[in-house]
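Summary of the model geometry
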Amino acid sequence: MTPRERIAGLVLERPRRLLGMEPFMADVAQGVEEVFAGRRCSLLIQFAADIADEIEIWRRWVANDHVDGIVMVDLRTADPRLAELQRLQVPAVLLGGPELQVPITNVLVDNAEGARAAVRALADLGHRDVARVSGPRDMLHCQARDTAFMETCAQRDVHGRVVEGDYSEDSGRDATRQLLTGSQVPTAVVYDNDLMAIGGLAVAKELGVAVPDQLSVIAWDDTAVARLAHPPLSVVTVDVHGLGTIVGEAILAVMDGGEATTYQVPKPTIRLAQSTALRTGEARPS
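Residues numbered from 1 in each chain as written. Predicted model: local features only at pLDDT ≥ 70, side-chain atom pairs only at ≥ 80, totals over all residues. Heavy atoms only, no water.

Before going further, it helps to spend a moment on unusual backbone geometry. Each neighbour pair has its own omega, and for Val211 with Pro212 the value is 10°, a cis peptide bond. By secondary structure assignment, the location of Pro212 is in the loop between helix H7 (194-206) and strand E9 (216-220). Look at Asp74: it is not a glycine, yet its phi comes out positive at around 60°. Along the polypeptide, Asp74 turns up in the loop between strand E3 (69-73) and helix H3 (81-88). With relative accessibility at 13%, the residue Asp74 sits in the buried group. Positive phi outside glycine occurs at Gln89, with the angle close to 55°. Tracing the backbone through its elements, the reader meets Gln89 in the loop between H3 and strand E4 (92-96). (Helix = DSSP H or I, 4+ residues; strand = E, 2+ residues; numbered from the N terminus. Buried < 20%, exposed > 50% of the residue type's maximum accessible area, 1.4 Å probe, protein only.)

Okay, helix H9 (residues 240-255) next. The first and last C-alpha atoms of H9 sit 23 Å apart over 16 residues, in line with the 22 Å expected at 1.5 Å per residue. Counting buried residues in H9 gives 12 out of 16 residues, a clear majority hidden from the surface. Within the sequence span of H9, burial applies to Val240, Gly242, Leu243, Gly244, Thr245, Val247, Gly248, Ala250, Ile251, Leu252, Val254 and Met255. With its phi angle positive at about 95°, Gly257 sits one or two positions after the end of H9. (Expected span 1.5 Å × (residues − 1).)

In structure tokens form, the structure reads like this:
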């Protein structure tokens with residue numbers, strides 16, 4: 001009998017107003033599937049309303065022998081999923097880190113360095129009042145970005161603040177409206193993903209705030225959405241597709257019985273485009 005194709009499962013817990021997969025996760029999934037091609041393995045993706053729902057999905061998958069491994073994302077504070085993975089005894093990979101004292105393969109992304117690089121780039125352009133629109137702040141990678149952002153603002157004599165979003169375009173709109181209609185309006189905003197940045201661009205246009213002459217914008221992740229925005233977005237850039245290929249190789253390795261391993265990915269960098277400018281309003285030097 002020919003063995004069945006192996007399946008790696010990925011559950012995404014996302015707000016109901018965020019329909020489908022955001023571009024970052026779509027690019028990660030494409031990278032995983034590229035690795036799986038021709039190797040009799042597929043990626044199964046399902047959406048969940050919350051962490052409890054995600055755990056129930058995992059339990060059903062394992063009880064019914066639907067998956068051979070699990071990819072976990074967006075580690076939370078006091079996350080119950082780590083204990084559940086150990087209870088289920090299923091091969092697993094954690095995407096995003098941080099490094100943990102538990103036996104799980106981990107694909108680490110240096111989120112703190114991305115936040116530091118964004119602040120440095122904006123400070124070098126003359127910005128002294130910079131805001132950050134984060135993802136959900138119980139996610140450990142968001143906490144790492146928050147801490148690094150505020151520390152680097154203090155080091156560069158920049159006034160920094162953080163407004164929480166949920167990765168949806170609507171939350172980017174809401175946060176940007178709050179920032180641009182407040183008593184102290186920032187001259188630059190760093191968004192935790194491209195969808196929130198798109199929402200921010202729309203609100204800036206609605207309020208008559210010119211990007212980049214009056215407001216500079218940086219988004220996290222170099223996706224097609226960021227490149228096709230108007231103006232094209234400056235980004236904290238990670239090779240997201242390449243990140244997906246690392247995840248694909250990692251989950252294959254643990255499904256083959258490999259020991260828990262930590263994978264390091266290249267540090268994030270900044271790519272400046274038309275959404276950022278010198279604080280003076282002059283054209284940014286090439």
